[in-house]
Amino acid sequence: MNDQNAKIGKFVSALLCASIAYSAPALAADKDKAVSTPPAIYTDLVACRNITEAEQRLACFDDKVAALESAQTNNQVVIADREQVREARRGLFGLSLPRIRLFDGDGDKEGQVDQIEGKIASARTSRGGKWIIKLEDGAVWQQTDSPRSTSRKPKAGDSIAIKRGSLGSFIASVNDGRKFKVKRIVN
């Protein structure tokens, strides 16, 4: 029985280290509030630790782990480690999102994304002469300041760095050249 309890302990420890996001319908229900508590499927699993009788505790863990595995398989719960969350933050850099602890950083200063770097997949100008730049990762950014603020024409293959500016703005620089303001757009 000790071997089973050790396995359960390792599983619960790993699960505690993981970030658990809830499904899209829950997100749509309340966009303005941060997730303040883990999903019930997780808290039910953790509650199994409070059962003192070993066989009942093991039965509880078996039942709740099966429910969690089923929810994860059916995409009702998403389990992600810190690196996956950091990668998602990088991919969402520049977009306005509802407040979700998963993307707010949750005190994880190391995971905060303040700048991204990449390669330009394509660049074109809008009717107003402002640049619309698509990165290799699919993110699209549009220049917001004067078209004259760019010193050279961005083109496919150029390197680009985009960092947070003041008051929610973003600043881009192509090939370490002159900086210009941009905003992330969704196509």
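About the cut-offs
Residues numbered from 1 in each chain as written. Predicted model: local features only at pLDDT ≥ 70, side-chain atom pairs only at ≥ 80, totals over all residues. Heavy atoms only, no water. Axes fitted to C-alpha atoms, helices over the stretch in contact; angles between N-to-C directions. Helix = DSSP H or I, 4+ residues; strand = E, 2+ residues; numbered from the N terminus. Parallel < 35°, antiparallel > 145°, perpendicular 65-115°, else oblique. Left-handed = near helix turned anticlockwise from the far one by under 90°. Contact = heavy atoms within 4.5 Å. Nonpolar A, V, L, I, M, F, W, Y, C, P; charged D, E, K, R; others polar. Core = buried A, V, L, I, M, F, W, Y, C linked by side-chain atoms within 4.5 Å. Buried < 20%, exposed > 50% of the residue type's maximum accessible area, 1.4 Å probe, protein only. Pairing = 2+ DSSP bridges. Phe/Tyr/Trp six-rings, centres within 6.5 Å; stacked < 30°, edge-to-face > 60°. Expected span 1.5 Å × (residues − 1). Arc of directions from axis to C-beta. Polar contact = N/O pair within 3.5 Å; in protein donor to acceptor, adjacent residues only side chain to side chain.

(A) A look at the packing of helix H3 (residues 40-47) against helix H4 (residues 54-73). Where H3 meets H4, the axes come as close as 9 Å, and the angle between the chain directions of the two elements is 160°. The angle between H3 and H4 places the two elements in the roughly antiparallel class. For the crossing formed where H3 meets H4, the hand is left-handed. Of the residues in H4, those touching H3 at Ile41, Asp44 and Leu45 are Phe61, Lys64, Val65, Ala67, Leu68 and Ala71. The residue makeup of the contact of H3 with H4, split by class, is seven nonpolar, no polar and two charged.

(B) View of the nonpolar core. If you look at the biggest cluster of nonpolar residues, it comprises 16 residues, and the most contacted ones within it are Leu135, Trp141, Ile160 and Ile162. Ignoring anything within four residues of it in the chain, the contact list for Ile162 reads Phe93, Asp114, Gln115, Ile116, Leu135, Trp141, Phe170, Ile171, Ala172 and Val182. With eight residues, the next largest nonpolar core counts Ile41, Leu45, Cys60 and Ala71 among its residues.

(C) Expanded view of the sheet that holds strand E7 (residues 170-174). In spatial order, the strands read E3-E4-E5-E8-E7-E6; together these six strands close into a barrel with antiparallel pairing. The average undirected angle you get between the axes of adjacent strands in this sheet is 45°.

(D) Local environment of the environment of Cys60. Mapped onto the secondary structure, Cys60 falls in helix H4. Taking the relative accessible area as the measure of exposure, Cys60 reaches 15% and is therefore buried. Linking Cys60 and Ala47, residues 13 residues apart in sequence, is a C-alpha distance of 8.9 Å. If we ignore the near neighbours within four places in the chain, the residues touching Cys60 are Cys48 and Ile51.

(E) Main features of the packing of aromatic side chains. Here the structure, examined in full by the defined rule, presents one aromatic pair. Their ring planes at 65° and their centres at 5.5 Å tell us that Trp141 and Phe170 sit as a pair that is edge-to-face. Separated by 29 residues along the polypeptide, Trp141 in strand E5 (residues 140-143) and Phe170 in strand E7 bring together distant segments of the chain. In this structure, Trp141 and Phe170 share a single accessibility class: buried.

(F) Structural context of H4. The terminal C-alpha atoms of H4 lie 28 Å apart, and with 20 residues this matches the ideal 28 Å at 1.5 Å per residue to within 8%. Turning to H4, its buried residues number three or more, namely Arg57, Leu58, Cys60, Phe61, Leu68 and Ala71. When H4 is viewed along its axis, its buried side chains cluster within an angular range of 155° and face the same direction. Counted as exposed and oriented over 90 degrees from the buried face of H4: Glu55, Glu69 and Thr73. At the N-terminal boundary of H4, the capping side chain belongs to Glu53, with an oxygen 3.0 Å from the backbone nitrogen of Glu55. Just downstream of H4, Asn75 is the residue with a positive phi angle, here 60°.

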